[in-house]
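# Observations on the model geometry
Below are the chains, spelled out letter by letter.
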Amino acid sequence: MTLFHYLSQHERERVFYLFPQPVSRKSERDTLAYSLGATLYMPGTRPNLAQDLLTQRLKGCTSSVICLEDAIGDKEVESAQRNVLQHLHFLSIQLSTRIIREEQLPFIFVRVRSPQQMKYIVEQMKENIHILTGFVFPKFSIENGKEYLDVLEDCNACLDIPLYGMPVLETASIAYKESRIDNLHKIRAILYDAKSYILNIRIGATDFSSCFGLRRGASTTIYDIATIRDCISDIMNVFGRAEDNNVISGPVWEYFPHHQSILENSLGQNMGEEVCYPHIRKNGRRNFSYSENYLIRETLLDRENGMIGKTVIHPSHIFPVQALYVVTYEEYIDACHITKQSNGQLGVMRSQYGNKMNEIKPHLNWAKKIMKRAQVYGVYHEDKNFTHFFTESVLI
């Protein structure tokens, strides 16, 4: 599959200097980890689950999680399991008979309640397991982590294409300061041994908020909530280290679009983004809901803090999140210069734009991440940025 596949050739050429490259289940783990984009959650009880997955892929969805945990009631578990297995079986048959192609589906994950449920689903799916990219492990902890990973390793023992795990850090033992650091380091050690099967580490901001009886509003980013911001900071400190090469995704945005308003000019000023929000105000073809303004603001903060991708619960969130991860031309040129000069001949150089210093050693890890993002999300033309998706009719 390719991000922004729905764009016409003309639209691609107008916006992109480099268009995103295709990725698939068979891509290298590091590439696949960057490719999830805005990961859309769906309850396992959805009656038209298979068709919904096909439809959302047409709208740009690259990854989806079918949830059998908090998104369904405790009394719905058995019926939801049956529903999920039936729809995944149907999609598997559609693929094997070539009625649909692999690129017509997003990368599909199942969020399970326990290692035992994960094992049950694998046993029930049998040869149809190839329809899945992996599983999401909720409330991942030092108590259950090893068991999740043992089941995952057993699953992969007889598979040609690996199934991946995505642990969610969201327990009280991480939320509370006195136990956080010890738990994070122990979880890091658990995950290290299974690194080849861990695609992405996710942050459960809603569960963290619950520990303090909080719920952030639609006009608030998660970074405005002090206790959660501190928790995210420690997670990034432990798991975001360059030598570990982990991919960490941004926390869920849980608000649907509601009343419409123009994207606030102050958003750009607050974020320090050099984008022309007044241009949207004057000529824009798309209005943003009030909550979407803050989704954009929060995604920019995710990105600046080193996260790749984001959990979303509404299809309208897919497009803006993924547009924000496209690399700017200036970022790309800087990253190219830094990586090309990392041969020991230079230590520092003036950027091509003459507005910053590029130090080879300190900026090399950043540059490598930019090059990975460029491969998956593409690069804007020099005079373009994410606002041009909204002002030039390049819309889903």
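For the structure, check the block above.
First, a word on what this report is: a plain description of the structure on this page.

Cut-offs and rules
- Residues numbered from 1 in each chain as written.
- Predicted model: local features only at pLDDT ≥ 70, side-chain atom pairs only at ≥ 80, totals over all residues.
- Heavy atoms only, no water.
- Helix = DSSP H or I, 4+ residues; strand = E, 2+ residues; numbered from the N terminus.
- Buried < 20%, exposed > 50% of the residue type's maximum accessible area, 1.4 Å probe, protein only.
- Contact = heavy atoms within 4.5 Å.
- Areas by Shrake-Rupley, 256 points an atom, 1.4 Å probe, with all protein chains shown as cover.
- Core = buried A, V, L, I, M, F, W, Y, C linked by side-chain atoms within 4.5 Å.
- Salt bridge = Lys/Arg side-chain N within 4 Å of Asp/Glu carboxyl O.
- Pairing = 2+ DSSP bridges.
- Axes fitted to C-alpha atoms, helices over the stretch in contact; angles between N-to-C directions.
- Right-handed = clockwise from strand over helix to strand, strands pointing away.
- Expected span 1.5 Å × (residues − 1).
- Phe/Tyr/Trp six-rings, centres within 6.5 Å; stacked < 30°, edge-to-face > 60°.
- Left-handed = near helix turned anticlockwise from the far one by under 90°.

## Digging into the overall build of the protein
Within the protein, the secondary structure is distributed over 17 helices and 14 strands. Considering the protein as a whole, with its 396 residues, one finds that 55% of them fall into the buried category. Contacts in the protein between residues at least 24 apart in sequence constitute 77% of all its contacts with a sequence separation of at least 6. Looking at the protein as shown, the accessible area adds up to about 17600 Å², and 49% of this sits on carbon and sulfur atoms.

## Quick word on the nonpolar core
Inside soluble globular proteins, nonpolar side chains tend to come together where they are buried. Counting residues in each nonpolar core, the largest one holds 108 residues, and the members touching the most others are L132, F135 and F239. Formed by 14 residues, the second largest nonpolar core is a distinct cluster that contains I338, M349, A367 and I370.

## What to know about the pattern of salt bridges
Under the definition given, this model contains 22 salt bridges. Salt-bridge contacts for R303 lead to E304; the nearest nitrogen and oxygen are separated by 3.5 Å. The exposure class of E304 is exposed, given its relative accessible area of 55%. Here the salt bridges do not stand alone but share partners, grouping E69, D70, R111, K139, E170 and D207 into one network.

## Quick look at unusual backbone geometry
Here the phi dihedral of R98 falls at roughly 65 degrees; this positive angle occurs in a residue that is not glycine. Here R98 lies in the loop between helix 4 (77–96) and strand 4 (107–111). Backbone geometry places N245, a non-glycine residue, at a positive phi of 55 degrees. The residue N245 is located in the loop between helix 10 (226–239) and strand 8 (250–253) in this model. Here N245 falls in the partly exposed class, since its relative accessible area comes to 30%.

## Quick notes on the sheet that holds strand 7 (residues 202–203)
On the basis of which strands lie adjacent, the open sheet formed by eight strands has the order 7-6-5-4-3-2-11-8 and parallel pairing. Edge positions in the sheet fall to strand 7 and strand 8, since each has one partner strand and no second. Examined bridge by bridge, strand 6 (residues 164–169) and strand 7 share two bridges and lie parallel to one another. Opposite L169, over in strand 7, you have I203 as the bridge partner. Against the sheet, helix 3 (residues 49–58) makes contact with strand 2 (38–43), strand 3 (63–67) and strand 4, and its axis sits at roughly 160 degrees relative to strand 2, the strand it touches most. Along the sheet, helix 4 contacts strand 3 and strand 4; its crossing angle with strand 4, the most-contacted strand, is approximately 160 degrees.

## As for the pairing of strand 2
Buried residues dominate strand 2, accounting for five of its six residues. Examined bridge by bridge, strand 2 and strand 11 (residues 310–312) share three bridges and lie parallel to one another. Directly across from T39, in strand 11, lies its bridge partner T311. Pairing of strand 2 with strand 3 involves five bridges; the strand directions are parallel. Following the sheet pairing, L40 is matched in strand 3 by S64. Where the polypeptide runs from strand 2 across helix 3 and back to strand 3, its parallel neighbour, the crossover connection is right-handed.

## Concerning helix 10
Its 14 residues place the ends of helix 10 20 Å apart at the C-alpha level, agreeing with the 20 Å of an ideal helix rising 1.5 Å per residue. The inward-facing, buried residues of helix 10 contact strand 6, helix 7 (172–175), helix 8 (177–192), strand 7, helix 9 (205–211) and strand 8.

## Some points on the packing of aromatic side chains
Counted by the stated rule, this structure contains twelve aromatic pairs. Here F16 and Y380 contribute two aromatic rings whose centre-to-centre distance is 6.0 Å and whose plane-to-plane angle is 20 degrees, an arrangement assigned as stacked. Residue F16 is found in strand 1 (residues 16–18), and its partner Y380 is found in strand 14 (residues 379–380); the two are separated by 364 residues along the sequence. Y380 matches F16 in its accessibility class, with the two residues each being buried. Centroid distance F137 to Y148: 4.5 Å. Interplanar angle 20 degrees. Geometry classified as stacked. Here the residue F137 occupies a position in strand 5 (residues 134–137), and Y148 occupies one in helix 6 (residues 145–156), the gap between them amounting to eleven residues.

## Here's the deal with the packing of helix 8 against helix 10
Here helix 8 crosses helix 10 at 40 degrees, and the two axes come no closer than 10 Å. The element helix 8 and its partner helix 10 pack so that their crossing is right-handed. When helix 8 is examined against helix 10, the residues R180, I181, L184, H185, I187, R188 and L191 are found in contact with a partner set consisting of T227, D230, C231, D234, I235, V238 and F239.

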